[in-house]
Amino acid sequence: METTDSAHPTNDVDEKRIRELVARSQAAQIDPDVLPGLHTSDLVLINVAGRRLFGRETFASAMAEAISSPLKDIRTELEVNDIRFATPDVAIVSLTKTIHDERSETEGSTELPIAGAMTYVMTRQGDDWRIAVAQTTPIQ
């Protein structure tokens, strides 16, 4: 797996922290007290349906609304495919998102793709990383 370019050498500690952040974001996908805090305050998020959200507070509000609806029954799994450091404090993470729609047909589920190509742009904040941009493109 390519994880860097010659201008920005890979830092194994940073790569480990980034992978841990991805795992924490997956584990917290329906936890509105945890997931928004893994993102920067000025987050830009585009979900698999094309909805664009600006800011952590807007994301937290949309998340609270979603988990109080049948959308709470949509789970995702994230697989890191590649990590590249644009600078020592900015990482571009390519992922595959697998989508499990567990809503019943009576809940008005719509057809969702079963997979998405996801990109995170992460920024270093202190000794940790936060998600600044999250964008998912459906894979048909």
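Higher on the page you've got the structure.
Remember, predicted model here, so these are calculated numbers, not experimental data.

Caption draft 1: Quick peek at the environment of Val121. Tracing the chain through its elements places Val121 in strand β5 (residues 115–125). With a relative accessible area of 22%, Val121 lands in the partly exposed category. As for Val121 and Val44, which are separated by 77 residues in sequence, their C-alpha atoms are 9.7 Å apart.

Caption draft 2: Structural context of helix α1 (residues 12–27). Taking 1.5 Å per residue, 16 residues should reach 22 Å; α1 reaches 23 Å between its end C-alpha atoms and fits that length. Residues Asp14, Glu15, Ile18, Leu21, Val22 and Ser25 constitute the buried set of α1. Looking down the long axis of α1, one finds its buried residues gathered within 120° of arc, a one-sided arrangement. α1 presents Asp12, Lys16 and Ala27 as exposed residues on the side facing more than 90 degrees away from its buried surface.

Caption draft 3: Local environment of the sheet that holds strand β6 (residues 128–139). With respect to topology, six strands assemble into an open sheet ordered β2-β1-β6-β5-β4-β3, the strand pairing being mixed. This sheet does not close on itself; its edge strands, each paired only once, are β2 (52–54) and β3 (74–87). Averaged over all pairs of adjacent strands, the angle between their axes in this sheet comes to 20°, without regard to strand direction. Pairing analysis gives twelve bridges linking β3 to strand β4 (residues 90–101), with the strands arranged antiparallel. Paired with Thr76 across the bridge in β4 is Ile99. α1 contacts β3, β4, β5 and β6 of the sheet and is inclined by roughly 160° relative to β3. Its contacts with the sheet put helix α2 (residues 56–67) on β1 (39–46) and β2, and the angle it makes with β1 is roughly 60°.

Caption draft 4: Up close: α2. Taking 1.5 Å as the rise per residue, α2 with twelve residues should run 16 Å; its terminal C-alpha atoms sit 16 Å apart, in good agreement. Taken together, the buried positions of α2 are Phe59, Ala62 and Met63. In a view along the axis of α2, the buried residues occupy a sector of 105°, so they form one face of it. Opposite the buried face of α2, at more than 90 degrees from it, the exposed residues are Glu57 and Glu65. The inward-facing, buried residues of α2 contact β1 and β2.

Rules used throughout
- Starting from 1, residues in each chain are numbered consecutively following that chain's sequence as written.
- The model is predicted, so local features are restricted to residues of pLDDT at least 70 and side-chain atom pairs to those at 80 or more, both for listing and for counting; the totals for chains, interfaces and linings are taken over all residues.
- The side-chain numbers reported here are obtained from all heavy atoms of the structure, hydrogens and water having been left aside.
- Runs of H or I in DSSP of at least four residues are treated as helices and runs of E of at least two as strands, each being numbered from the N terminus.
- Between buried and exposed lies partly exposed: a residue is buried under 20% and exposed over 50% of the maximum accessible area for its type, with that area taken using a 1.4 Å probe on protein chains only.
- One less than the number of residues in a helix, times 1.5 Å, gives the span that helix is expected to have.
- An arc is given here, and it is the one of the directions from the helix axis to the C-beta atoms.
- Any two strands are treated as partners once DSSP identifies two or more bridges connecting them.
- Interaxial angles span 0 to 180 degrees and are taken between N-to-C directions of axes, which are lines fitted to C-alpha atoms, for helices over the stretch in contact.
- We call two residues in contact whenever any of their non-hydrogen atoms come within 4.5 Å of each other.

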